[in-house]
Amino acid sequence: MSGTAGRRLALVVLQNAPLIAFVVVLVIFASLSDRFLTLGNFTNIVTQSSHIAIMAIGITFVLLTAGIDLSVGAVMYVGVAILALYLGDLPVVVSFPLVALIGLALGAVNGFFVVQMRGLHPFIITLAMLFILRGAALWMTDTRMVFVAEPIMSLGRTSYLGVPWAIWMFAAVFALAWIVLRETPFGRQVYAVGQDPVAAGKAGINVPLVLFAVYCICGLCAALGGLVSIAQVAAASSTFGFQKEFPVIAAAVLGGTSLFGGRGGVIGTVFGAILIQTVENGLVMTNANLHHRW
Amino acid sequence: MAAEILRLDGLSKSFFGVEVLHAVSFALHRGEILGLVGENGSGKSTTMNILGGIHQADAGSITLDGRPYRPTGPRDAQEAGLAFIHQELNLFENLSIEENIFISGFPRRLGRLPLIDRGRIGQRTRELLDMVDVRYPPATPVGKLSQGERQLVEIAKALSQDARIILLDEPTTSLTRRETEKLFTIMERLRAQGIALIYISHILGDVLRVCDTIQVLRDGHLVGGGPRDEMPIDTLISLMVGRKIENLFPPRDTEPTTVPALEVEGITQSGVVRDVSFTLHEGEVLGVAGLMGAGRSELARILFGLDPFEAGRIAVGDTTLTEVSPEACMRHGMAFLTEDRRGEGLMMEATIADNTALPSLRAYARSLTGWIARSRLEDDVAEVSRRVQINTTDYRGMLVKNLSGGNQQKVVIGKWLLRQPKVFILDEPTRGIDVGAKFEVYKIVNQLVAEGTAVLFISSEMEELIGMCDRILVMSHGEITGIHERHEFDSERILETAMLKNLADVA
Amino acid sequence: MLRTAGASGNAATRTAGGVRTRGWLERLILSEYLVFYLTTAYFLAVWPIVPEIATASSLSNMLTDMLPLLVVAIGQTFVLIVAGIDLSVTSIIAFASVVGASVMTADGGYLGGSPLAVPAGILTFLLIGGLIGWFNGFCCTRLGMPPIIVTLTGLMFLSGTAIWYTTGHSETSSIAGLPKAFVLIGQGSAYGVPNALWVALAVGISAHLLLGHTVFGRWLYAIGINRKAAEISGVPVGTAILWTFVISGVCAAIASILFTGRLETGTPVLGQRILLDIIAAVVIGGTSLAGGKGKIVWTVGGVLFLVVIDTSLKLLGMSLFVVFAVKGGVILFAAIIDAMRQRIIMRG
């Protein structure tokens, strides 16, 4: 009997690994720094993690279909570069949706190639897109730092009901993604395609369309992540979004989304993203000087 | 008799010039369960595929409800009210029961919102699950269900699409006896509601238990059929086997020895095989017969160290194996030809020479550096390839995927011959290859035993076993149910032993 | 020469029906040395525009840029052949760099000033690479975890650890004061040939022989083409895969020695930016992400191609953005060529 109980315990631990890791990390840092476990610091962590979380939510859709998107960091940079260089004078209500649309369109390019070039791994397609898009953004900015104008900067400082703007944005994307994945036919089809694309085709699901759509969503979320990030930091250097794909994928995977498709979801992803930021924040707090930031 | 719902009229079909279905005609009525039986390759699946729109018949016609029915794809079949339940299920383990049932078209909230109407699919799923006697909440993930329950969920899915004809292809292969009985109860309930069912199975006991009418296929011909009461089991068997064994097998001049080459004692793995013991002698061909799912291939995989076993002993020659892994078995002179040639037997993207050399590489390499003596290896590869008569001499250039099935099989045999095995396990060595190539495979087997090799010959083709083997082991439900000596070979008796358990169930 | 991977070009022209002649374009696309032709063509095309590219100093610059990248890429080739991937290589480079440096540095290193400093330091580099590689391989084979997850986690963890380790050994963000003898490995030369080139040649030739002429090499291709068939044929699949990760780790450590020697400091952000370049170079060379196909010579071609393009674009006065965009285009181009190749082979 104890064997079964032990196995069940192991299963519970494995299934809740991100949550447990999160708690362990909290306890360690709380015991190392008394400033760590404060509401202010926690808000800080969530705010800082929001852009990663939003992008990771987008990539969760792609991972659920057993795909991958390495171009998110580059999409992020392209969106912000266009915003800063060409859309700076427009009101935010116009420029932000435009940038989001650009992200969607770039995701659509990924999706187009993934669907059209069967047998070519999304890894390669999106790796190529990474270089091309980063090059395009560097061309636009002439590799110089770009700045966003006042209305966007002040947006970064705005709070509503005491909660920073970035967290609202994060919450909205999360809620929407959660509903889409759980409660819409499309969301359930994403899971079906990730589990078994052949069976999904037999069940009458339009598999290419589902694949195309998840890359569009991923591109959209990458652009949104860029907007949230630029509103916080106000300026984007030539390394903006560079190698962002790694923490973004890591957040989703830490949160329990399988790279083989069909398993996982956005709740875990959110935990994964906050976990990564918590570690980083905790290291700073406990004076481990982190030169290197993702 | 109830109204006719489906009629097949003179259906014929050929693949690459080989006729697999010849003028097959029969009718199906409302509220009838029709059993379709026959050996492997008798044309059952082709019939199914034509009904399902996956293949189109070359000649003949199908009538559904008095109207011509010519499906060109699975969608047509579904819309016409035909549902297919295959051995491998089409369910998504990561989704719930209700989601699986409605994945092709979810009802939406208020009819148009892009949100799933959970209330409605839950309600409808409960109704459907009631009909098939599955007591799970609709939101249960399918991953938590047993094989039998999943089978019933597939049926519920078919019902949700208003299927009027349900075709079941070997649905009980992975079910327990109790689950099988439950499936039959549900089938009878559906019959009472006027749904027609076609039931395909190797297990004649089951067919006799549940079907109203039985049709027998052999070599693509419909060789007999009628109401269950007119088709006792011995009639069915003689209809299925039917063929006279002609001169399809090369003569063998050597006799088996009495020197044990492979001794197997009490091999057991729960749910797979139970207490399997036998001795294979040098120069002997020992056949293994049995129905699909009887545990023959599973036994072979255990003997070659590919799958685990809980209890038992394996000895090669006079050494008991302490470690059973493919490497260890090969060291002791064993070889294994897998039934899955493309998936496990060959590297399709590699050349004949590379495939042939793979199991023997160590023998041609210096032990310290692993440096391969290439010219010696290539000479020996060429020699063994000539010996198995592959129809090309470009061993180093020709990719295996460009060869015919028969030549591919010769490459697999060749790669093991290079190791000069003492014990050779052949799992379905002639599956999917043409008659000429079969004959050549038989000749190689005869040559091998003449040289003293011991051969374990697993096959689903009865006459092949009778033609080739010195003795035949019969397996049923993971156990050995009989051993037949050459002088008492009789295909009907062997089939009976193979179905021993099922017959006991019927009686 | 192993035909499985090697001669897909000429082997494919032979079908059961006999030899079919192909057009020159098809032959070119099918050639396994396509990337060398492309590099040469490109080089000749830019030569008249930027004659500087063919000067001795430019050529030697290209070589120094290329060597460490090549050594890591060679390790990666092994992993890709068995259909794995190793994303942790750049973090191994960084981590080995700082730990190795902390052993040797004159500013309070463990063996600072001792005559044993350099050999012990080099051993440290190699051991770190080998051990991390072994751990990666262990997780992938014995625990059955997917390589991309194992090595991605390794990447993130080790990059952080490298920085943390540096802060414990140095006031600044790197560890300087390395012995002269060590620095010479990255900078000096022997018999008129840079030491780094000797190292890269040794690694390249051993890797080539290992892949093409030994049992181990053949096993790797077999695993990449059909893992199950390899297992049934008695190939010790798990052990062989584990070793590819060890090789990749050791190659990364050797590259780290070259990098560290060149910079004269142990740096925790070393190699951070070249991760995707490494994978891109191997794939451009013709090694398949799906496994079963790859050669050291191809990888040399892929690295050469990337470096020639990089250098020429810089000489042309192009900025970073063009370099990036062209790289992306080249990867996509290579992928499309590969897809075309498959289609031609399918047609037979």
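Sequence order sets the numbering: in each chain, residues are counted from 1 along the sequence as written. Ligands are numbered from 1 and chains lettered from A, in the order in which they are written. Residue-level local features of this predicted model are given only where pLDDT is at least 70; pairs of side-chain atoms are given and counted only at 80 or more, and the full residue set underlies all totals for whole chains, interfaces and linings. For side-chain calculations, the full set of non-hydrogen atoms in the structure is used, while hydrogens and water are omitted.

Draft legend 1. Quick peek at the overall build of chain B. Summing up its helical and strand segments, chain B has 18 helices and 20 strands in all. Rg of the C-alpha trace for chain B: 25 Å, near the compact-globule value of 23 Å for 507 residues, within the 12% margin. Here the C-alpha coordinates of chain B stretch approximately 75 × 50 × 45 Å along the principal axes. Contact definition: two residues touch when any of their heavy atoms are within 4.5 Å. A fraction of 66% describes how many contacts in chain B between residues 6 or more apart in sequence connect residues 24 or more apart. If you sum the accessible surface of chain B, you get close to 21,200 Å²; carbon and sulfur atoms cover 49% of it. Here a strand is any run of E in DSSP of at least two residues, a helix any run of H or I of at least four, and the numbering for each starts at the N terminus. Our radius of gyration is a C-alpha quantity, and the globule rule it is checked against amounts to 2.2 Å times the number of residues to the power 0.38. In this description, accessible areas are obtained by the Shrake-Rupley approach with a 1.4 Å probe, and a residue is regarded as covered only by the protein chains that are shown.

Draft legend 2. Fine view of the packing of helix α4 (residues 72-86) of chain A against helix α5 (residues 92-116) of chain A. Residues and elements named next belong to chain A. Axis definition: a line fitted to C-alpha atoms, over the contacting stretch in the case of helices. Angles run 0 to 180 degrees between N-to-C directions. As a packed pair, α4 and α5 sit with axes 9 Å apart at the nearest point and diverge in direction by 145°. In this structure, α4 meets α5 at a crossing whose hand is right-handed. Touching Val-75, Val-78, Gly-79, Ile-82 and Leu-83 of α4 are Ser-95, Phe-96, Val-99, Ile-102, Gly-103 and Leu-106, all from α5. Any residue outside Ala, Val, Leu, Ile, Met, Phe, Trp, Tyr, Cys, Pro, Asp, Glu, Lys and Arg is labelled polar, Gly included; the first ten of those are nonpolar and the last four are charged. Of the residues contributing to the contact of α4 with α5, the split by class is eight nonpolar, three polar and no charged. Less than a right angle of anticlockwise turn of the near helix away from the far helix marks a crossing as left-handed, whereas a clockwise turn marks it as right-handed.

Draft legend 3. The interface of chain A and chain C, seen in detail. Every contact between the two is made by 35 residues of chain A and, on the other side, 34 residues of chain C. Taken together, the two surfaces of chain A and chain C that pack against each other cover about 3,200 Å², and 87% of this comes from carbon and sulfur. Each salt bridge in this description consists of a side-chain nitrogen of Lys or Arg and a carboxyl oxygen of Asp or Glu lying within 4 Å of one another. For the pair chain A and chain C, the number of links is zero salt bridges. A 3.5 Å cut-off defines polar contacts: any pair of N or O atoms within that distance qualifies, except that in protein one atom must be a possible hydrogen donor and the other a possible acceptor, and neighbouring residues in sequence count only when both atoms are side-chain atoms. Linking chain A with chain C are zero residue pairs in polar contact (both at pLDDT 80 or more). Secondary-structure elements contributing two or more residues to the side of chain A that touches chain C are α6 (122-141) and α12 (245-254) of chain A. When two components associate, each loses some accessible surface as probed by a 1.4 Å sphere; the sum of these losses over both components is called the buried area.

Draft legend 4. View of the pattern of salt bridges. Enumeration over the complete set of coordinates arrives at 30 salt bridges over all chains. In this structure, a network of salt bridges that share partners links the residues Arg-182, Glu-183 and Arg-188 of chain A together with Glu-98, Glu-99 and Arg-118 of chain B.

Draft legend 5. Looking closely at the sheet that holds strand β9 (residues 213-218) of chain B. All names here are of chain B. Two strands pair under a simple rule: DSSP has to find at least two bridges between them. The sheet built from six strands is open, its strands ordered β6-β7-β8-β3-β9-β10 with mixed pairing. Strand pairing shows two members of the sheet lacking a second neighbour, β6 (82-85) and β10 (221-227), which therefore form its edges. In this sheet, adjacent strand axes meet at a mean angle of 15° when their direction is disregarded. Strand direction decides the pairing type here: strand β7 (residues 165-169) and strand β8 (residues 196-200), joined by five bridges, are parallel. The residue of β8 that forms the bridge with Leu-167 is Ile-198. Contacting β6 and β7, helix α5 (residues 147-160) crosses the sheet at an angle of about 170° to β6. Lying over the sheet, helix α6 (residues 177-192) contacts β3 (33-37), β7 and β8, oriented at roughly 150° with respect to β8.

Draft legend 6. Expanded view of the nonpolar core. Residue and element names in this part refer to chain B. Core analysis: the biggest nonpolar cluster contains 351 residues, and Ile-166, Leu-262, Phe-278, Leu-303, Met-334 and Phe-424 have the highest contact counts within it. Ignoring anything within four residues of it in the chain, the contact list for Leu-262 reads Phe-278, Thr-279, Leu-280, Leu-303, Ile-314, Ala-315, Val-316, Met-334 and Val-423. Counting residues in hydrophobic clusters, the runner-up holds 26 residues, among them Ile-5, Leu-8, Val-24 and Met-48. To form a nonpolar core, buried Ala, Val, Leu, Ile, Met, Phe, Trp, Tyr and Cys residues must be joined to one another through side-chain atoms within 4.5 Å. Exposure classes here rest on a 1.4 Å probe applied to the protein chains alone. A residue is buried below 20% of its type maximum, exposed above 50%, and partly exposed in between.

Draft legend 7. Representation of the domain arrangement of chain B within the structure. How far each domain reaches was decided by an automatic or database domain assignment. When cut into domains, chain B gives domain 1 (4-241) and domain 2 (260-506). A straight line from the C-alpha centre of domain 1 of chain B to that of domain 2 of chain B covers 35 Å.

Draft legend 8. Spatial organisation of a nonpolar patch on the surface. All names here are of chain A. To count toward a patch, a residue needs a relative accessible area above 30% and no salt bridge. Like charges then connect within 9 Å, nonpolar side chains (Val, Leu, Ile, Met, Phe, Trp, Tyr) within 5 Å. Together, Leu-19, Ile-20, Val-23, Val-24, Val-27, Ile-28, Leu-32, Trp-178, Ile-179, Ile-267 and Phe-271 make up an exposed nonpolar region whose accessible area comes to about 910 Å². Ranked by residues supplied to the nonpolar patch, first place goes to helix α2 (residues 17-32) with seven residues. Take Ile-179: its relative accessible area is 36%, and that puts it in the partly exposed class.

Draft legend 9. How the structure looks around the interface of chain C and chain B. With 28 residues of chain C at the interface, the matching set in chain B holds 38 residues. Across the chain C/chain B interface, buried area totals approximately 2,800 Å², and carbon plus sulfur atoms make up 60% of it. Along the contact surface separating chain C from chain B lie one salt bridge. Of the charged contacts in the structure, one is a salt bridge between Asp-354 of chain B and Arg-218 of chain C, with a shortest N-O distance of 3.3 Å. Remark: the boundary between chain C and chain B carries eight residue pairs in polar contact (both at pLDDT 80 or more). Taken together, the elements giving at least two residues each to the side of chain C that touches chain B come down to α1 (3-6), β1 (14-15), α10 (195-213), α11 (215-225) and α12 (227-232) of chain C.

Draft legend 10. Region of interest: the pairing of strand β11 (residues 260-269) of chain B. Residue and element names in this part refer to chain B. Among the ten residues of β11, seven are classified as buried, and the element is accordingly described as predominantly covered. Relative to strand β12 (residues 273-281), β11 runs antiparallel, the two sharing six bridges. Of the residues in β12, the one forming a bridge with Gln-269 is Val-273. With antiparallel pairing between neighbouring strands as the criterion, β11 and β12 make up a hairpin whose turn holds three residues, including Gly-271 at a positive phi of roughly 80°. Strand direction decides the pairing type here: β11 and strand β14 (residues 311-316), joined by five bridges, are antiparallel. Paired with Leu-262 across the strands is Val-316, a residue of β14.

Draft legend 11. Expanded view of the confidence of the model for chain C. Confidence scores per residue from the predictor, reported as pLDDT, run from 0 to 100. Of the residues in chain C, 91% reach a pLDDT of 70 or more, and the chain-wide mean stands at 83. Within the model, pLDDT remains below 50 along residues 1-19 of chain C, and this stretch shows 46 contacts once partners closer than five positions in the same chain are excluded.

Draft legend 12. Main features of the side chain of Thr-126 of chain A. Residue and element names in this part refer to chain A. The topology assignment puts Thr-126 in helix α6. At a separation of 3.1 Å, a polar atom in the side chain of Thr-126 contacts the main-chain amide nitrogen of Leu-70. Filtering out sequence-adjacent residues up to four positions away, Thr-126 remains in contact with Ile-68, Asp-69, Leu-70, Ser-71, Asn-110 and Tyr-215.

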